[in-house]
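# Report on the structure
Residue-level listing of the chains:
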Amino acid sequence: MPTMETNGEDSKNSTRGAEDIKLLANEAFKAHKYSQAIDLYAQAIALNSENAVYWANRALAHTKLEEYGSAIQDATKAVEIDRKYSKGYYRRGAAYLAMGKFKDALKDFQQVKRLCPNDPDSAKKLKECEKAVMKLKFEEAIAAPDSQRRSVAESIDFHTIEVEPQYAGARIEGEVVTLEFVKKMLDDFKNQKCLHKRYAFQIVLQTMEMLRALPSLVDIKIPDGKHFTVCGDVHGQFYDLLNIFELNGLPSEENPYLFNGDFVDRGSFSLEVILTLFAFKCMSPSAIHLARGNHESKSMNKIYGFEGEVKSKLSDKFVELFAEVFCCLPLAHVINEKVFVVHGGLFSVDGVKLSDIRAIDRFCEPPEEGLMCELLWSDPQPQPGRGPSKRGVGLSFGGDVTKRFLQENNLDLVVRSHEVKDEGYEIEHDGKLITVFSAPNYCDQMGNKGAFIRFEASDLKPNIVTFSAVPHPDVKPMAYANNFLRMFS
């Protein structure tokens, strides 16, 4: 009997302790310290794993870090514990929405409506989700097979587009994009003025032609005594992009850059960002290199704002054109045969050679599995081996995976992006992997710094520069995103 009393007391203490930790986790969440909140909710779960609230709260924190796979797992556990816990279904539905899995999301919101029939918020979200599913079905029904689709780029002759006499913005004289034009365009963008669609077409089409000719893995040579800058995700934060150029100089043959994917989405100046990067590419192809990120895709652009922004500022035809151009972006770069640069990460199998990456047929929307998917989506993990992706796409890989890949390909370092970091960067895997993220105060709420890496040849020692966010006009992130996703932002 004394033992039973002791066990009962221990259980009460565990429950009380779990509640205390949950309150600390809630405070961390309110302060936008989502990783800390996740760790604290995990401690609460360790003390009381049968409380659905802890799992659902951790799911929400995972969602804030775009770890939608983990959010779905936690929310599923919450509804397994309590089948009538509406927040569990709600948060799982939100995570499915963020991944573009509208049909799965619809089932969860229907369940929320059944559990809370008089909740106007649930009814509104269900209606938006139903509209999204109907639109998806309609688009699938009218879509032409790939073999019958005509290239939008081939249908455009920008020379025939008239520029109105009253247009006072930047102009390209003839076929050549000059530094003078780019500077004028940047000034116009700073003042929230649009570029004429004739010149926007010209920049995008000329960039597409250059990108199409590149291999899927691009080799970059930096001469001894020269430097090279790698930037991570920019995500439509145009004014922070301008700040990078203030700190580190404009792209030129003497000051070359690599932007490592995720140029667009979330930030509401994505069009300005992509036209700026493309214009520099047209001006001097060796001044700027561009890699594909997971957000350079139709499915992401449809959800996270770029599609809506392009339709608002230019036209529907540009949406299709950007989708074609994004399929031409290279997947990875190697600097001086020693530094491997990729948006996401490494692979679900060992033995992948650089030649395998060069051989990828990248001219398509990103698949949901395979080498191309993993290059764009995967993330490092602290423990060795491989694990499921926090995002629900790709995988997580450990330091041993990184070490073997580098050894097998005679490389020294992996540089990747894809994840927001408090300091703008993180060094992992015994110094063999660096994450760099260049969108400070991501989505106007994360409070993180941005960073870029300068490499000096010949030793290629990474010099990491961090910077803070700068002010921007009062246009909120996700301003052009789908209605249903804005509801959760």
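One structure accompanies this document, and this report is about it. Since we're looking at a predicted model, the values are computed, not measured.

## What to know about the pattern of salt bridges
Side-chain pairs of opposite charge can arise where the charged atoms are in close proximity. With the rule as written, the count across this model stands at 27 salt bridges. Residues E27 and K30 are paired through a salt bridge, measuring 3.6 Å at the closest nitrogen-oxygen approach. With E27 and K30 both in helix α1 (residues 2-30) and three residues apart, the pair spans about one turn of that helix. Judged by its relative accessible area of 47%, E27 is partly exposed. K30 sits in the exposed class, given a relative accessible area of 59%. R92 is the salt-bridge partner of D108, the closest N and O atoms lying 2.7 Å from each other. With D108 in helix α6 (residues 102-115) and R92 in helix α5 (residues 86-98), the pair connects residues that are 16 residues apart, well separated along the chain. Residue D108 is classed as buried on the basis of its relative accessible area of 3%. Ionic contacts of the salt-bridge type, sharing partners, join the residues E67, D379, K390, R391, R416, E419, K421 and E426 into one network.

## Re the packing of helix α8 (residues 179-190) against helix α11 (residues 270-283)
Running from N to C, α8 and α11 cross one another at 175°; their axes reach a closest spacing of 10 Å. Between α8 and α11, the crossing angle belongs to the class labelled roughly antiparallel. Residues L179, V182, M185, L186 and F189 of α8 touch α11, and the partners they reach there are E272, L275, T276, A279, F280 and M283. Of the residues belonging to the contact of α8 with α11, the class tally is nine nonpolar, one polar and one charged.

Procedures and definitions
- Residues numbered from 1 in each chain as written.
- Predicted model: local features only at pLDDT ≥ 70, side-chain atom pairs only at ≥ 80, totals over all residues.
- Heavy atoms only, no water.
- Salt bridge = Lys/Arg side-chain N within 4 Å of Asp/Glu carboxyl O.
- Helix = DSSP H or I, 4+ residues; strand = E, 2+ residues; numbered from the N terminus.
- Buried < 20%, exposed > 50% of the residue type's maximum accessible area, 1.4 Å probe, protein only.
- Axes fitted to C-alpha atoms, helices over the stretch in contact; angles between N-to-C directions.
- Parallel < 35°, antiparallel > 145°, perpendicular 65-115°, else oblique.
- Contact = heavy atoms within 4.5 Å.
- Nonpolar A, V, L, I, M, F, W, Y, C, P; charged D, E, K, R; others polar.

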